[in-house]
Amino acid sequence: MNNLCYAIIGAACFLDQSSEALVDPDAAIAALEEMAAALQAATLPEKAAFITTCQSEAIRLRAAGALQSSTFVAELPSTMGFPRCRDHPRHVFRGRLQR
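Residues numbered from 1 in each chain as written. Predicted model: local features only at pLDDT ≥ 70, side-chain atom pairs only at ≥ 80, totals over all residues. Heavy atoms only, no water.

(A) Molecular detail of the overall build of the protein. Across its full length, the protein holds five helices and zero strands. Secondary structure elements of the protein occur, N-terminal to C-terminal, as α-α-α-α-α. In the protein, which comprises 99 residues, the proportion classed as buried is 40%. The long-range share in the protein, meaning contacts at least 24 apart out of those at least 6 apart in sequence, stands at 61%. Roughly 5700 Å² of accessible area belongs to the protein as shown, and the carbon and sulfur atoms make up 58% of that amount. (Helix = DSSP H or I, 4+ residues; strand = E, 2+ residues; numbered from the N terminus. Buried < 20%, exposed > 50% of the residue type's maximum accessible area, 1.4 Å probe, protein only. Contact = heavy atoms within 4.5 Å. Areas by Shrake-Rupley, 256 points an atom, 1.4 Å probe, with all protein chains shown as cover.)

Printed below as a string of structure tokens:
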């Protein structure tokens, strides 16, 4: 399960933080929104695994000095609309929707 979570995290980071020259912004937003919709159908254990993996990866990224990526990953469960995370400030796909 963790490997799947890391794959989702990696793809989300790539789509969110890539330059417009590398990834079309509208296509990136559409892909991120599709990922969020698919994750909404995850089971509670799958969502818990995703949240735990995001927390672990955010800590690792912060220790490595990748603060922007760390923040994005820490907020990813909330961004994807997981109910358990809704009490945290809602994050918008940082590199794509905040222009």
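(B) Fine view of the environment of Gln 17. With respect to the helices, strands and loops of the structure, Gln 17 is situated in helix 1 (residues 2-17). Each C-alpha atom, one on Gln 17 and one on Phe 72, is 9.4 Å from the other, the two residues being 55 residues apart in sequence. Gln 17 has contacts with Gln 68, Ser 69 and Phe 72, leaving out every residue within four places of it along the chain. A distance of 2.9 Å separates a polar atom in the side chain of Gln 17 from a polar atom in the side chain of Ser 69. (Polar contact = N/O pair within 3.5 Å; in protein donor to acceptor, adjacent residues only side chain to side chain.)

(C) The arrangement of helix 1 in detail. Taking 1.5 Å of rise per residue, 16 residues should cover 22 Å, and helix 1 covers 22 Å from first to last C-alpha, within 8% of that figure. By the burial criterion, the buried members of helix 1 are Cys 5, Ile 9, Ala 12, Cys 13, Leu 15 and Asp 16. (Expected span 1.5 Å × (residues − 1).)

(D) Focus on the confidence of the model for the protein. Counting all residues, the mean pLDDT for the protein is 84, and 83% of those residues have values of 70 or more. Long-range and interchain partners of residues 85-94, a stretch whose pLDDT sits below 50, account for 25 contacts in this model, where long-range means more than four residues apart. (pLDDT = per-residue confidence, 0-100.)

(E) Quick peek at the packing of helix 3 (residues 44-63) against helix 4 (residues 67-79). Running from amino to carboxyl end, helix 3 crosses helix 4 at an angle of 165 degrees, the nearest separation of the two axes being 8 Å. Relative to helix 4, the element helix 3 lies roughly antiparallel. Considering how the two elements wind past one another, helix 3 and helix 4 form a crossing that is left-handed. Residue-level inspection shows Phe 50, Ile 51, Cys 54, Glu 57, Ala 58, Leu 61 and Arg 62 of helix 3 in contact with helix 4, the latter providing Leu 67, Ser 69, Ser 70, Val 73, Ala 74, Leu 76 and Pro 77. For the contact of helix 3 with helix 4, a count of residues per class yields 10 nonpolar, two polar and two charged. (Axes fitted to C-alpha atoms, helices over the stretch in contact; angles between N-to-C directions. Parallel < 35°, antiparallel > 145°, perpendicular 65-115°, else oblique. Left-handed = near helix turned anticlockwise from the far one by under 90°. Nonpolar A, V, L, I, M, F, W, Y, C, P; charged D, E, K, R; others polar.)

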